[in-house]
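The residues making up each chain are set out below.
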Amino acid sequence: MRDAKKYLSFGLPLLFITYLGFLIAFTHVHIVNGVTIVHSHPYQKSADGTPAEHEHNYAEFQLLHQLSVIEITGAALILFLLAALLTAAQVISRDPVYPDYLLPIIGKLSLRAPPVA
């Protein structure tokens, strides 16, 4: 199990970086029945540097679309931001920004200076 975690800790970031590199380097456009379809996959370039002619069927377009698009709903984004806000509020309330104002009695806040003997 420890070996699997070791390989995954290197393999998954490497896979993500490779996937992101393919998205950036191999993006191209097809116009099918007046609809512009933008997707990304490795392809052969022609002599002038443009993508060589190649065709895709409907299933391939659907697969490439699902692999190339990351979708998140508004509700999921709001829940994520709310969780981040609540976590930050808990950290701030548990560990005050200026703990110098705490008296030796833990949890009692006071701005009064200690008495001079």
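Everything numeric here is computed off the predicted structure, so don't read it as measured data.

Caption draft 1: The arrangement of the packing of aromatic side chains in detail. Scanning the entire structure with this criterion turns up one aromatic pair. Where Phe 22 meets Phe 26, the ring centres are 5.4 Å apart and the plane angle is 55 degrees; that geometry is what we call tilted. Given a relative accessible area of 21%, Phe 26 falls into the partly exposed group.

Caption draft 2: Main features of the pairing of strand S1 (residues 27-32). Both S1 and strand S2 (residues 35-40) contribute to a ladder of six bridges, which runs antiparallel. Paired with Val 32 across the bridge in S2 is Val 35.

Caption draft 3: Main features of a nonpolar patch on the surface. A grouping of Phe 16, Ile 17, Tyr 19, Leu 20, Ile 24, Leu 63 and Leu 67 is seen on the molecular surface, where their side chains present a nonpolar patch of about 710 Å² in accessible area. Among the secondary structure elements, those contributing two or more residues to the nonpolar patch are helix H1 (2-25) and helix H2 (58-68). Sort the elements by how many residues they give to the nonpolar patch and H1 lands first, with five residues. Along the chain, Leu 20 turns up in helix H1.

Parameters and conventions
Residues numbered from 1 in each chain as written. Predicted model: local features only at pLDDT ≥ 70, side-chain atom pairs only at ≥ 80, totals over all residues. Heavy atoms only, no water. Phe/Tyr/Trp six-rings, centres within 6.5 Å; stacked < 30°, edge-to-face > 60°. Buried < 20%, exposed > 50% of the residue type's maximum accessible area, 1.4 Å probe, protein only. Pairing = 2+ DSSP bridges. Helix = DSSP H or I, 4+ residues; strand = E, 2+ residues; numbered from the N terminus. Patch = residues over 30% accessible without salt bridge, like charges linked within 9 Å, V, L, I, M, F, W, Y side chains within 5 Å. Areas by Shrake-Rupley, 256 points an atom, 1.4 Å probe, with all protein chains shown as cover. Salt bridge = Lys/Arg side-chain N within 4 Å of Asp/Glu carboxyl O.

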